[in-house]
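What the coordinates show
What follows is the residue order along each chain.
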Amino acid sequence: MVITVSRRAFLAVSAGLVVATAARPTWAALPPLKKKDVYKVGFAQTESNNPWRLAQTASMQDEAKKLGHQLVYTDAAGSAAKQVADVNSMVAQGVDVIFLPPREEKPLIPAIMNAKKAGIPVILVDRDVDHSLAKPGEDYVTFTGSDFVDEGKRVAEWLIKAVGGKAKIIEIEGTVGSSPANDRKKGFDTALKGSPDMVILASQSGDFARDKGRQVMETLLQAHPDATAVYAHSDEMALGAIAAIEAAGKVPGKDIMVVGVDGEKAALEAIIAGKMGATCECNPRFGPGAFAIMKRYADGETLPTFIKNEDRFFDASNAKDMVATAF
Ligand code: GZL
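Rules used throughout
Residues numbered from 1 in each chain as written. Predicted model: local features only at pLDDT ≥ 70, side-chain atom pairs only at ≥ 80, totals over all residues. Heavy atoms only, no water. Helix = DSSP H or I, 4+ residues; strand = E, 2+ residues; numbered from the N terminus. Rg over C-alpha atoms; globule rule 2.2 N^0.38 Å. Buried < 20%, exposed > 50% of the residue type's maximum accessible area, 1.4 Å probe, protein only. Contact = heavy atoms within 4.5 Å. Areas by Shrake-Rupley, 256 points an atom, 1.4 Å probe, with all protein chains shown as cover. Pairing = 2+ DSSP bridges. Axes fitted to C-alpha atoms, helices over the stretch in contact; angles between N-to-C directions. Salt bridge = Lys/Arg side-chain N within 4 Å of Asp/Glu carboxyl O. Near = heavy atom within 4 Å. Polar contact = N/O pair within 3.5 Å; in protein donor to acceptor, adjacent residues only side chain to side chain. Nonpolar A, V, L, I, M, F, W, Y, C, P; charged D, E, K, R; others polar. Domains from an automatic or database assignment. Core = buried A, V, L, I, M, F, W, Y, C linked by side-chain atoms within 4.5 Å. Arc of directions from axis to C-beta. Buried area = accessible area lost by both parts, 1.4 Å probe. Phe/Tyr/Trp six-rings, centres within 6.5 Å; stacked < 30°, edge-to-face > 60°.

With that settled, the discussion passes to the overall build of the chain. Assigned secondary structure in the chain consists of 11 helices and 14 strands. Computed over the C-alpha atoms, the radius of gyration of the chain is 22 Å, within 12% of the 20 Å expected from 2.2 N^0.38 for a compact globule of 327 residues. Taken along its principal axes, the extent of the C-alpha atoms in the chain is 80 × 40 × 30 Å. Here the chain, with 327 residues, has 53% of them falling under the buried criterion. Considering only intrachain contacts with a sequence separation of at least 6, the fraction spanning at least 24 residues in the chain is 73%. Split by element, the accessible area of the chain, about 14,000 Å² in all, is 57% carbon and sulfur.

Okay, structure coming up:
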C-alpha cells in the first residue's frame, strides 16, 4: 500500500509535530517556511477607511511587487468575522505565509490556529492578539509593530507639560478590543496617575474613524462643556474632534488642546496651523520590515517575540520640518 504524504505534511512532521497524549495533535514548533525565491503571501487587511490603513496596504503591496512575490490581499471592511473568513480562505488556498493585523485581540485566534494546523506560519503586523490565547513564537512567528503603551505614555507626558498639569480631558478611543486602543488607553491613563489635576471626564470609542470621532466629540462636548483637552487614539479621530470643537464655536488649540497618535500628514498640518498640539507617530509603512522578517524566518533565524517599530514624536517644534515625510 502506498501512502502519499504532501510536502506540507512532510515539512510539518520534520518541524516537530508532536502527538499529544490528549485527543488531538499539537505542534511542538511553529510551521516552517521553506526557502524559495517566490512566495505566495497572504495579507488580510482589517479595513481601508482611513489614511493609516491605506498607507499600510500600499507599503505591503509595493514591497511584495519589488521582491517579486505573489500577494493575496483581502480587506475585511471593518469586520473581525470577515477577517477570520479571509484568513481561512488564504489557508484553503495554500499560501506559504500570512501577514495579519488582527482587527481585535480575541476573534482572530481560531484563524491563527487554523493556519498553524495547516502548516502556514503567521506573522502579526501592526496589531497583536491576547497572549493568554495565542503565543508569539509558538502559535505565530512574532508581532512587529509599535509599542502602543509607550505611545499613550508619550502623549500624556507631552500634554501634562503643555497644560501645566491641569486639564479636563475627553478621551476618544480606537476600535473596541483592538491592541492599539487597549494599550494606548493603558499608557495614557497610567501616565496621568501622578497628576491628580489631569482628569478624564469621559472616554468613548470612535473606531479609529474621523467622522465617528467627530460624532463622539460632539456628544461628549455637549455633556462636558468644561472640557479643556482631547486625547484621540488616532489622528483621524483627533481631526474629527477638531471639526466638532469648531462647530461648537470653540477654538481648538486655545480653548481645547487636542493630541493624537499616528503622525498623519493632516495632523502635522493641524499642528502647524495651531489647531492641534502633538501626535506620536505610528509608522504604517510596514512593507520592507515585514518582508525582511519573513526572510529571516525562512533563513532559519529564531526571531524575537516582539519586533518593535520606532516612533517619532511631532509638535510645533518640528512639525514644519517633518510634514513632508508624513503619510
Ligand atoms: C495602529 C493601527 C491603527 C492606527 C489607526 O497600529 O492599528 O489602526 O492608529 C488605524 O489609524 O486605523
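Structure shown, so let's carry the discussion forward.
Here we have 6 strands laid out as an open sheet, ordered 4-3-5-6-7-13, and parallel in their pairing. The sheet is open, and its two borders are formed by strand 4 (70-75) and strand 13 (306-308), each paired with just one other strand. The sheet shows a mean angle of 20° between the axes of neighbouring strands, taken without regard to direction. Relative to strand 5 (residues 97-100), helix 10 (residues 287-298) is tilted by about 145°, and along the sheet it contacts strand 3 (40-45), strand 4, strand 5, strand 6 (122-125), strand 7 (143-145) and strand 13.

Take the pattern of salt bridges next. For the structure shown, the criterion picks out 28 salt bridges. Here Glu104 makes a salt bridge to Arg103, at a shortest N to O gap of 2.9 Å. Across the pair, exposure class does not vary: Glu104 and Arg103 are buried alike. When salt bridges with common partners are traced through the structure, they connect Glu47, Arg103, Glu104 and Asp207 into a single cluster.

Bringing the site of the ligand into the picture now. The environment of the ligand is formed by Asn50, Trp52, Arg53, Asp126, Arg127, Phe148, Pro180, Arg184, Phe208, Ser234, Asp262 and Cys282. Note that an oxygen atom of the ligand is positioned 2.8 Å from one of the side-chain N or O atoms of Arg53. Protein burial of the ligand: of its 320 Å² of free accessible surface, 99% is covered by the chains. Here the residues of the shell around the ligand sort into 5 nonpolar, 2 polar and 5 charged. Taken together, domain 1 (2-145 + 285-309) and domain 2 (148-282) each give at least three residues to the shell around the ligand, which thus spans both.

Attention shifts here to the nonpolar core. The biggest cluster of nonpolar side chains holds 66 residues, and the ones touching the most others in it are Ile98, Phe99, Leu100, Leu159, Ile169 and Met294. Those residues in contact with Leu100, other than ones at most four positions away along the chain, are Ala44, Gln83, Val87, Leu108, Ile112, Val122, Ile123, Leu124, Val125 and Arg127.

The complete set of buried residues in helix 9 (residues 265-272) reads Ala267, Leu268, Ala270 and Ile271. One side of helix 9 holds all its buried residues, which, seen down the axis, span an arc of 155°. At its buried positions, helix 9 is contacted by helix 8 (235-247), strand 12 (278-281), strand 14 (313-315) and helix 11 (319-322). Of the residues one or two after helix 9, Gly274 is the one with positive phi, at around 85°.

Moving on: the domain arrangement of the chain. Per the domain assignment, the segments making up the chain are domain 1 (2-145 + 285-309) and domain 2 (148-282). One C-alpha centre belongs to domain 1, the other to domain 2; they are set 33 Å apart. Contact with domain 1, which involves 12 residues of that partner, is made by 16 residues of domain 2. Here domain 1 packs against domain 2, burying approximately 1,000 Å² in sum over the two surfaces, 49% of which is carbon and sulfur. Looking at the side of domain 1 facing domain 2, the largest losses of area belong to Trp52, Glu105 and Arg127, adding up to 41% of the total buried there. Applying the counting rule to domain 1 against domain 2 returns 1 salt bridge. In this structure, Arg103 and Asp207 form a salt bridge, with 3.2 Å as the shortest nitrogen-oxygen distance.

Glancing now at the pairing of strand 5. Here strand 5 shows a buried face lined by Val97 and Phe99 and a second buried face lined by Ile98 and Leu100. Pairing geometry for strand 3 and strand 5, over 3 bridges, is parallel. What sits directly across from Val41, in strand 5, is Val97. In this structure, strand 5 lies alongside strand 6, joined through 3 bridges in parallel fashion. The residue bridging Phe99 from the neighbouring strand is Ile123, located in strand 6.

Quick look at the packing of aromatic side chains now. Going through the model one piece at a time under the given rule, you end up with 6 aromatic pairs. Joined through ring pairs, the aromatic side chains of Phe143, Phe148 and Phe306 make up one cluster.

A few words now on the sheet that holds strand 11 (residues 257-262). Within the open sheet, the 6 strands sit side by side as 9-8-10-11-12-14. Their pairing is mixed. The open sheet is flanked by strand 9 (198-205) and strand 14, the only strands paired with a single partner. Strand-to-strand twist in this sheet, taken as the mean axis angle between neighbours without regard to direction, amounts to 15°. Sheet topology places strand 12 next to strand 14; 3 bridges connect them, and they run antiparallel. Looking at the pairing, Thr279 lines up with Phe314 of strand 14. Across the sheet, helix 5 (residues 148-162) is in contact with strand 8 (167-173), strand 9, strand 10 (229-232), strand 11, strand 12 and strand 14; its angle to strand 11 comes to roughly 160°. Running over the sheet, helix 7 (residues 210-223) touches strand 8, strand 9 and strand 10 and is turned about 145° from strand 8.

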